[in-house]
Structure formats: structure tokens, C-alpha cells
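Summary of the model geometry
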Amino acid sequence: MAGARETQFPQRTPIRARVDHAVIIIGAGFSGINAAIELKARGIQDFVLLERAADVGGTWRDNVYPGCACDVPSYLYSYSFAPNINWSMTYSGSAEIQSYIRCCVDRYGLTDRLRFGVGIVRADFDVVGGFWRLTDAAGRVHTARAVISAIGGLVEPLMPAFAGMNEFTGDIMHTARWNQDVVLFGKKVVVIGTGASAIQIIPSIAVQVADLTVLQRTAPYVLPKLDRAIPSGVKQWFRRLPWLHTLTRRLILGLTEGVIGPAVILNGFMAKLMTRYALSHMRRVISDPALREVMTPDYQVGCKRVLFSSAFYPAITQDHVHIETVGLERLTPGGIRLADGREIDADVIVMATGFKVNIAKSPFPIVGEDGLSLEQRWSAPGGKAYKGVACAGVPNWFFMLGPNTGPGHTSILIYTEAQASYIADAVGVLLNQNLTALSVKPEVMSRYHHKLQRRMRRTSWTSGCKSWYLDEHGENHTLFPGLASEYAWSMRRFKPKEYDLRA
Ligand code: NAP
């Protein structure tokens, strides 16, 4: 637990260069805050969090569309060291998660470390001084001996450039840039996409709109979601017996690791069971054979993210909700035209089209040793990042939720906690030994990468579907090809011998 290892690493004043801070964390979402908590737990006090927006929260600040919630159970979608027994629902909504994050900021005394409105656009490593020079959008320079990049992987909305976008006279909004001022009541609405965001928004708005057309390109696998209010009696029990809460959390983790994980990662027996379960869930709700056919996925379960909702199928069986699988030809002034020539009137178009994935892409120029940028390093063969947190030739720079560290089956916070602890240990070594550079050895990174990609070939993610998990070459640099507990175990100790340490 964070907080248990107070002052493990006494700090020394940097000897080689005057820098603004020992550590800069970029991003104040769940992972950046996790990293800050771990730094503090080790007595590393000289750090700031630079956040380009005006509030903490990342995903949960930005995603406020109707029905936005987490599809990981609340007790697991919270830091293990900061349990919240007051969750109102078994699956929390975005507003409640956002207030949990704000509570953690207060509880761990991070408010004075936050610098809002600071968007970093460039990073350069000073090899001689052993520090990073970060330039923000306003041209200001921030320096630090170590940087923790916690910028999130699904941040920038993907807005496909459909023909006629400028002709449409109604409102267009992306799920991650929801405009609360647009009234949907009694309107004709088109939703593009049937991914994780879409299946939450569709049931939520179906009850208020006059007509809802959903454009589906690929049918998702959808499992039922036991979304219930948590009775006050349960909270009282958890308050009285905290171990019961811990046990509940472990049981949920065990379920995701023991059942959902194997089913979505590997094409084995569990995957077959999950396929049958998902299809029977669909058939229980949808009786129309034509709609059943349309909603039947044609790829291996797990290849794309498996979705959880008990409200999606009932929503699309309503008379005023229509699923269209014919492609979109263009937007028109009054709506959309489908590829078969049919025109559909719309007042509002909702783009539930996902994100520009930047998990294994350099978000801005990050120039490490030898004047080489991260983009140049990552376009060459040899690997992306060791354990997803460190890249050879980019010293003193650490990624939260970097390449190949995402889950498709459980809480992402299991991964962030493991990373935050590992990175804080690494930063402790850097500061304590007064090093100018701490950089993962290229051969260590390369060996790790090749082993990981060999495992990747056996996963459902590379079984032939198209998904945001894969890059343009069909390679998966987003997810970890194993269970969360395996990843967390591998991160339990920072091993200096795997790194080049330069005094
Ligand atoms: P997504 O899963 O990438 O889904 C995008 C949807 O838009 C897909 O149905 C996609 O079709 C469709 N689409 C994209 N471009 C299109 C185009 N040009 N024409 C027609 N359809 C198009 O995006 P998302 O739903 O925003 O979710 C992204 C990720 O965010 C999730 O996988 C998950 O990791 C995370 N998320 C999590 C939660 C949660 O509860 N934890 C909730 C929401 C999101 P294809 O499938 O054919 O590409």
C-alpha cells in the first residue's frame, strides 16, 4: 500500500544542474495521481503534476455522455490502497469516479502539486546536465531530473472525416466531447458506432429521443452487466469489517483473472463458453431472427473488447430504434445518406467512433540521447518499452500505461499501481545515487519485447479482426498478453542491473 514506505529514499540536492523539480508528472488522471502518491510514499516530495486541462480526472473528466460508466466493478475500479466503501452502484458512473479521484487528491495532499493549463508539446533530454527540458504550449520551459508520462492512451477523439460534415445543419458531437447544451428530448438522433461508449449511450438516450438510428460496422460481443445499487447494509458491513471489503475485491479480481481473462485473451475452452454465454444473452432479449443475425459477431470473442450491458439489447429492440449495417455514404444538410442511397433525417449525430490511440506513439517530440526522438526509436525494430515503462535511449523518462500494458479483461488500476510503485523505486535510485542518467539496457528491452510479441501471436487479439488494439501493421502494442497478476508480479521489484546507470 502506498503510504506504508515513508521516506525510503532520502533525497539529495541535484549536483549537476539547477532544475525546477526532481520529478515532473505529465497528466493528472488516475495514473498520474497514482504515480504522485507513490513518490510521496517514498519521501520524494519535490515534484509537480502538469495537467493541460483545468481539472484532474483524465478520462473521467472528459467523458460525461449520458450513461457513461465503468464496465469494471466499482470495488475493483479504485486504488487498492484507497478503498471506497461508499460506491453507490456495483458499476460506478463517471461523475462518481471523478469525485473519487478528487477525494484521493485531497487525501494524499496533492492539491498544491497540481499545475493546470500546462500542456507539454516537446521534451528534450540534456545529456550533460542529466535532466529533461519540457516545453509547454505557451513556450514556457519546465525542467526536471525525471519525467513520468501519464498522458493516457485514449484521449484524442477519433472523428472520421465523412463527406458532407460541413453541410449537416444539426449538432455533431463525439462521445468524449459531449455538449450538455444539446437537448436530445424528442429529437431524431443518429449514433455512429457500437463500441464500449456507444452501448452505454444508446440505452440512456433511447428513452428520450423520438427516433434513434444506430450505424453498426461490426457487431460486438455483449455480456450482461449486474448493475445494481449497493444496499446501505452492505456498506455498513464493509465499514464494520474492512477485511470483508478486501475479500470482495479479491473475489472480483479472481473472477476477472480466472474466468474473463482466459476467455478474452486465449482462444480456448473459456472463450467457447463466453461466446455461448454472450450469444444466449443476445437471443434471450432479441427474438427477431433478422436482428439476431445482424447482432451476431463474426470474429473470435475477445479479439475486440468484450462489452458489458444488460440495457443495450433491450434498447435496440424498441420500435423507434433502428440498427443499420449499410455503410454511411455522406452527411446531408438534414441527416445522413447510407451507401444504398437511403436518406435518414437527423437533428443530432453522435460520433461514438473511439479514439486516436497513442499508447505506442509519441504524443509530441520526445528527444532522448543521441538527438533521437521517441518516434524515430519506435519506428525502428527492437521494441517499444521495457515492461511498458522505460525505453532504451530515453533516460529518466517513465511511462504510465505505456506500450503493452493495457488489459482487455480487468481493472487498469492493477497495472497502474504496479507501474507507479516500480517507477517510484527507479526514480528513488536515480535521485538517491545522484545519477545523471538511468536508462534501460537496449538488449533487456529487446529481449522483453520479442518474448512479449511471440506470446501475442497466440492471443485472440491477433486472430483476424480489426480493432484499436492493433497498429497499421497488425501488431498489438497496446495490451499485455497475460493476466494482470502476472504483470503486477513482474513489476514488484525494480532491478538496477537491467539499467545503465550513469553518474
Ligand atoms: P471503440 O471501441 O473504438 O468503438 C468505436 C465504434 O465506432 C466501433 O463500433 C467502430 O466500428 C465504430 N467506427 C469507428 N469509425 C467508424 C467509421 N468510420 N464508420 C463507422 N463506424 C465507425 O470506441 P469507444 O466505444 O469509445 O471505446 C474505446 C475504448 O475506450 C474501449 O475499448 C475501452 O477500452 C474504453 N472504454 C471503456 C469504458 C468502460 O466502461 N471501462 C467505456 C467506454 C470506453 P468497428 O468496430 O467496425 O471499428
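Anyway, here's the lowdown on the structure attached to this text. Think of each chain on its own: its residues are numbered from 1, step by step along the sequence as written. In keeping with the model being predicted, local features are shown solely for residues with a pLDDT of at least 70 and side-chain atom pairs are shown and tallied solely at 80 or more, while totals for entire chains, interfaces and linings include all residues. Side-chain descriptors were evaluated using all non-hydrogen atoms of the structure, hydrogens and water having been removed beforehand.

Once that is clear, we can look at the side chain of Thr175. Examined against the element boundaries, Thr175 turns out to sit in the loop between strand E8 (171-174) and strand E9 (188-192). Not counting residues within four places of it along the chain, the set of residues in contact with Thr175 comprises Asn63, Tyr65, Ser197, Ile201, Val350, Met351 and Ala352. Secondary structure counts use DSSP, requiring at least four H or I residues in a row for a helix and at least two E residues in a row for a strand, with both numbered from the N terminus. Contacts are residue-level and defined by heavy atoms, with any inter-residue pair within 4.5 Å sufficient.

What follows deals with the site of the ligand. We call a residue near a molecule or strand whenever a single non-hydrogen atom of that residue lies within 4 Å of it. Around the ligand lies a shell of 23 residues, among which Asp71, Thr194, Ser197, Thr218 and Lys304 are the nearest. Any N or O atom pair separated by 3.5 Å or less is treated as a polar contact, with the protein-specific requirement of one donor-capable and one acceptor-capable atom, and with residues adjacent in sequence counted only for side-chain atom pairs. Here an oxygen atom of the ligand sits 3.0 Å away from a polar atom, N or O, in the side chain of Arg217. For the ligand, an oxygen atom lies 2.5 Å from a polar atom in the side chain of Thr218. Protein chains shield 82% of the accessible area of the ligand, which is 900 Å² for the free molecule. Amino acids outside the nonpolar list (Ala, Val, Leu, Ile, Met, Phe, Trp, Tyr, Cys, Pro) and the charged list (Asp, Glu, Lys, Arg) are all regarded as polar, and Gly is one of them. Looking at the shell around the ligand, its residues break down into eleven nonpolar, eight polar and four charged. Boundaries between domains were set according to an automatic or database domain assignment. Taken together, domain 1 (21-156 + 356-502) and domain 2 (157-228 + 237-355) each give at least three residues to the shell around the ligand, which thus spans both. For every accessible area listed, the method is Shrake-Rupley and the probe measures 1.4 Å; residues are considered covered only by the protein chains on display.

So, on to the nonpolar core. To define a nonpolar core, start from buried Ala, Val, Leu, Ile, Met, Phe, Trp, Tyr and Cys residues and group those joined through side-chain atoms within 4.5 Å. Any residue under 20% of the maximum accessible area for its type is buried, any over 50% is exposed, and the rest in between are partly exposed; the area is computed with a 1.4 Å probe on protein chains only. Ranked by size, the top nonpolar core spans 145 residues in total, and within it Val23, Tyr79, Leu134, Val191, Ile202, Leu212 and Trp397 carry the most contacts. The greatest single-element share of this core, amounting to 13 residues, is contributed by helix H11 (residues 412-432). Looking at which domains feed residues into this core, each of domain 1 (21-156 + 356-502) and domain 2 (157-228 + 237-355) gives three or more. Beyond its immediate sequence surroundings of up to four residues, Leu134 is in contact with Ile24, Ile26, Leu50, Ile120, Arg122, Ala123, Arg140, Val141, His142, Val147 and Trp397.

We now examine the pairing of strand E21 (residues 437-440). Judged by which residues are buried, E21 turns out to be covered on both faces: Ala437 and Ser439 on one side and Leu438 and Val440 on the other are all buried. Here, any two strands with at least 2 DSSP bridges between them count as paired. Across four bridges, E21 lies against strand E22 (residues 499-502) in antiparallel orientation. Across the sheet, residue Leu438 finds its bridge partner in E22, namely Leu501.

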